[in-house]
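Commentary on secondary and tertiary structure
So you can see what is in the structure, the chains are spelled out below.
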Amino acid sequence: MLDPQLLRTELEVTAKKLAERGYDLDVAGWQKLEQARKTIQVETEALQNKRTTISKSIGQAKAKGDDIQPLLDEVAQIGEQLESSKKALKDILTDMDKVILYTPNLADESVPLGKDEADNVEVRKWGEPGTFDFTVKDHVELGEVNRGLDAESAANLSGSRFTLLTGEVAQMHRALAQLMLDMHTEKHGYREYYVPYLVNAETMKGSGQLPKFADDAFITEDERYLIPTAEVPLTNLVADAIIDEADLPIKLTAHTPCFRREAGSYGKDTKGMIRQHQFDKVEMVQIVHPDDSFSALEEMTGHAEAILQALELPYRTIVLCTGDMGFSATKTYDLEVWLPAQNTYREISSCSNCVDFQARRMQARYRSAGAKKPQLVHTLNGSGLAVGRTLIAVMENYQQADGSIKVPTVLQKYMNGKTHINQPE
RNA sequence: GGAGAGAUGGCAGAGCGGUUGAAUGCACCGGUCUUGAAAACCGGCAUACGUUAAUAGCGUAUCCAGGGUUCGAAUCCCUGUCUCUCCGCCA
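Residues numbered from 1 in each chain as written. Chains lettered and ligands numbered in written order. Predicted model: local features only at pLDDT ≥ 70, side-chain atom pairs only at ≥ 80, totals over all residues. Heavy atoms only, no water.

If you look chain A up in an unreviewed UniProt entry, it shows as Serine--tRNA ligase from Marinicella sediminis. UniProt, in the comment section headed Pathway (unreviewed entry), describes chain A in these words: "Aminoacyl-tRNA biosynthesis; selenocysteinyl-tRNA(Sec) biosynthesis; L-seryl-tRNA(Sec) from L-serine and tRNA(Sec): step 1/1." (UniProt positions renumbered as here; feature names shortened; annotations may be inferred.)

Here's what the structure looks like:
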C-alpha cells in the first residue's frame, strides 16, 4: 500500500502519477472521507479519554469510600455517544482501507510512460537467434516427437491448461530447476527455502495479491490459497519483523509450483505449455535497505539473465512502461527469451522493485543504530526463471533436424551426462 | 480424530476487575568509576495511529485474534487461531 501520508499531503500529484499507470483515483471521494475521518476520529478519541478519566476516578472514589453515584450518572451519558461515534469511525476507516488496499504502487521516475505492452522499452539484447536449415517445430510437436509432453492425458486428468511431462523431457524440466537453484545459492548469494504451497489470506494480502486479485488465485475450502508464486511465502517471511540493519540484504530463493486461475486470459496461448494453471518457477526475493533497492533490482535482473546466458538462450531485457506494470511494483524488468517457432521473444522472467509498498502492508521493518524508529524495508522479487517456459525455450532453440534435442552443456551434469534427448540410434 | 495445558514487552517471567503500557531479571543504550576492560552503581529502553511545523508535547489503541459482560478488562464469559503433552492414525 501507498503511504497514507502521501494521500493526505500530496493528493493531486499522487492521483496524477496513478493516472499514468492507468489507475483512476477518486480524488473528491477520498477528500470527503479524509475530512470526515479527521472530525470523527478526534471526537471519538476525546470521548474515549473522558470516559477513561471518569472511570479512573470511580476507582479512586470507591477506594476512599466516597459516593460514586454522581460519577456513574456522568459516565452513563457518554456511553451511547461513544458507541455511535466509534461505529461511524469504523465505517469510514473501512471505506478508506478499501480504497488504499486497491490502489497500486507509484511508478519510479525512470519508468517510461505508456499505456500497455506496446510501450515497453527494450534495454538490451543478448545472443543471436539461431538459424535452422530445416523447418522448426514448436515445443508441442517436439514434445510429441520425444514422447515427453502429453497434453491429452493432462486434460483428461485435470482439464485445460495443464501439462504432463514424461521421460527425458520431465528429467530436463527437473534438471533446469536444479541448475537455477544451484546458481542462485552458490554464485548469487541466495539462501534456499522450501516453503508451504498453501498460504492464508493475510499472507496473500501482504504481498499484494489480495484483496484486489482474489479471482486470479485458487482457494481451498478452508480458505487457504494456492500460491501463485513463491514470492508470496518468501516475501512474507519478514512480515511483522524488525530486522537488524546489519542483516540486510536478505536474499531468498525457492523452487515451487505456481498456481493461477488465468481468469480473463481465455483464448490466449491455448496451445502448449506457455500459459498453465500450474507451472514451476524458481523465485528470487530480496529484502533490502531502502537506499539499495534500485541497485538490487539491477543485480537481481542480472541473476536471472545469468541463467539464460548459462543456457546460451538468446533474450532481450525490457523495462515495463507505467501502464504494463504489476500492482505492487515501482519498476519492473522483463526478460524475454527467443522462441524460434513463434519467431518472437516471449516473457520468461519478471524482476520488480516494490520499494516499501509490500513492506508497509506486511509491517516489515529494520532498525538502524542511529534512527529512533524502525524503518520500512524495501522488497524485490524476480523469477529466476519460469521453469516450464525455460524448458520450452531449450527444446525449441536446441532442436535438431530429426526432432531430437541437444542438451545445453551446462545442463548435462544434471542429466547424467546426456548430450541429447531422444537421439536416434 | 480423542483428552488435557497454555499464548503477557527483544528474551525469561509476575500480575488474574480499578490510578497497569504493564513488577522483576537478562539483553541493549548512555553515564559515574577505571590507564583500558570487567564488576559495581545511576539513568534510559515497545509499537502503531491521530493531532502538530515537529522524530516536542498531548491523545487513542495494543498483554494471540474477534466478539461480549462492566462505569472500568491483561485480568471474567463466548468463538476462532496457534503452541505444547498424552493416546490414536499416518509419509
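Moving on from the model shown.
**Looking at the sheet that holds strand β5 (residues 242-244)**
Here we have 3 strands laid out as an open sheet, ordered β5-β11-β12, and mixed in their pairing. The sheet terminates laterally at β5 and β12 (375-376), the two strands that pair on one side only. The sheet contact formed by β5 and strand β11 (residues 365-367) spans 3 bridges and is parallel. Considered in β11, the bridge of aspartate 244 is made with arginine 367. (Pairing = 2+ DSSP bridges. Helix = DSSP H or I, 4+ residues; strand = E, 2+ residues; numbered from the N terminus.)

**A short note on the nonpolar core**
The biggest cluster of nonpolar side chains holds 49 residues, and the ones touching the most others in it are Met172, Leu176, Leu308, Leu313, Leu385 and Leu411. Of all elements in the fold, only α7 (167-187), β7 (278-288), α10 (293-310), β8 (315-319), β9 (331-339), β10 (344-353), β13 (378-386) and α12 (387-397) reach the threshold of two or more residues within this core. Take this core: its biggest share by element is 9 residues, from α7. Here leucine 176 is in contact with Leu311, Val387, Thr390, Leu391, Val394 and Leu411, once residues within four sequence places are set aside. Core analysis: the second largest hydrophobic core is formed by 20 residues, Leu7, Val27, Ile92 and Ile100 among them. (Core = buried A, V, L, I, M, F, W, Y, C linked by side-chain atoms within 4.5 Å. Buried < 20%, exposed > 50% of the residue type's maximum accessible area, 1.4 Å probe, protein only. Contact = heavy atoms within 4.5 Å.)

**As for the pairing of β8**
The element β8 is extensively covered by neighbouring structure, given that 4 of its 5 residues are classed as buried. Bridge count for strand β1 (residues 121-126) against β8 is 5 bridges, and the pairing is antiparallel. In the strand pairing of β8, arginine 124 is matched with threonine 317. Two elements, β8 and β9, share 5 bridges in a ladder whose sense is antiparallel. Residue pairing for β9: arginine 316 is matched across the bridge by glutamate 336.

**Comments concerning the packing of helix α2 (residues 11-20) against helix α3 (residues 27-64)**
The contact between α2 and α3 brings their axes to 11 Å, and the two run at 140 degrees. It follows that α2 is oblique to α3 by the angle criterion. For the pair α2 and α3, the crossing hand works out as right-handed. On α3, the residues touching Leu11, Glu12 and Ala15 of α2 are Val27, Trp30 and Gln31. Along the lines of polarity and charge, the residues of the contact of α2 with α3 split into 4 nonpolar, 1 polar and 1 charged. (Axes fitted to C-alpha atoms, helices over the stretch in contact; angles between N-to-C directions. Parallel < 35°, antiparallel > 145°, perpendicular 65-115°, else oblique. Left-handed = near helix turned anticlockwise from the far one by under 90°. Nonpolar A, V, L, I, M, F, W, Y, C, P; charged D, E, K, R; others polar.)

**Focus: the pattern of salt bridges**
Scanning the model with the defined rule gives 15 salt bridges in all. Across the pair arginine 37 and glutamate 34 runs a salt bridge, and its minimum N-O distance is 2.6 Å. Taken together, the residues span about one helical turn, with arginine 37 and glutamate 34 both in helix α3 at a distance of 3 residues. Residue arginine 37 is classed as buried on the basis of its relative accessible area, which comes to 14%. According to the relative accessible area criterion, glutamate 34 is buried, its value standing at 13%. Across the salt bridge formed by arginine 124 and glutamate 305, the nearest N and O atoms sit 2.7 Å from each other. Of this pair, arginine 124 sits in strand β1 while glutamate 305 sits in helix α10; the two residues are 181 residues apart in sequence, bridging distant segments of the chain. On the basis of relative accessible area, glutamate 305 is assigned to the buried category, the value being 6%. (Salt bridge = Lys/Arg side-chain N within 4 Å of Asp/Glu carboxyl O.)

**A look at the environment of lysine 56**
Looking at where lysine 56 falls in the secondary structure, it is placed in helix α3. The sequence separation of lysine 56 and glutamate 80 amounts to 24 residues, and the corresponding C-alpha distance is 19 Å.

**Section: the side chain of serine 293**
Structurally, serine 293 is set in helix α10. According to the relative accessible area criterion, serine 293 is buried, its value standing at 1%. Reaching out from serine 293, the side chain makes a polar contact with the side chain of asparagine 353 at a distance of 3.0 Å. Once residues within four sequence positions are removed from consideration, serine 293 is found in contact with Val288, Asn353, Val355, His378 and Leu380. (Polar contact = N/O pair within 3.5 Å; in protein donor to acceptor, adjacent residues only side chain to side chain.)

**Concerning unusual backbone geometry**
Among all residues except glycine, the phi angle is most often negative; among peptide bonds, the trans geometry is most common. At the junction of leucine 210 and proline 211, the peptide bond is cis and its omega measures out at 0 degrees in the coordinates. Within the fold, proline 211 resides in the loop between α8 (201-206) and β4 (225-226). With an omega dihedral of 5 degrees, the bond running from glycine 384 to leucine 385 counts as a cis peptide bond. Summarising the element assignment, leucine 385 is placed in strand β13.

**Regarding the protein's contact with RNA strand B**
In the vicinity of RNA strand B, 21 residues are found, and the nearest of them are Arg8, Arg37, Asn49, Ser55 and Lys62. Sugar and phosphate atoms represent 69% of those atoms of RNA strand B found within 4 Å of the protein. In this structure, a phosphate oxygen belonging to RNA strand B sits 2.4 Å away from a side-chain N or O atom of asparagine 49. The residue inventory of the surface near RNA strand B, partitioned by class, reads 4 nonpolar, 6 polar and 11 charged. (Near = heavy atom within 4 Å.)

**Notes on the UniProt feature "binding site: ATP" (unreviewed entry) in chain A**
As annotated in UniProt, the feature "binding site: ATP" (unreviewed entry) corresponds to Arg260, Arg261, Glu262, Glu347, Ile348, Ser349 and Ser350 in the numbering used here. Discounting chain neighbours no more than four positions away, the residues touching arginine 260 are Asp216, Phe218, Pro228, Thr229, Gln276, His277, Phe279 and Lys281. In contact with serine 350, other than residues within four places in its own chain, are Thr332, Tyr333, Asp334, Asn381, Gly382 and Ser383. Polar contacts involving the side chain of serine 350 include one to the side chain of aspartate 334, which spans 2.8 Å.

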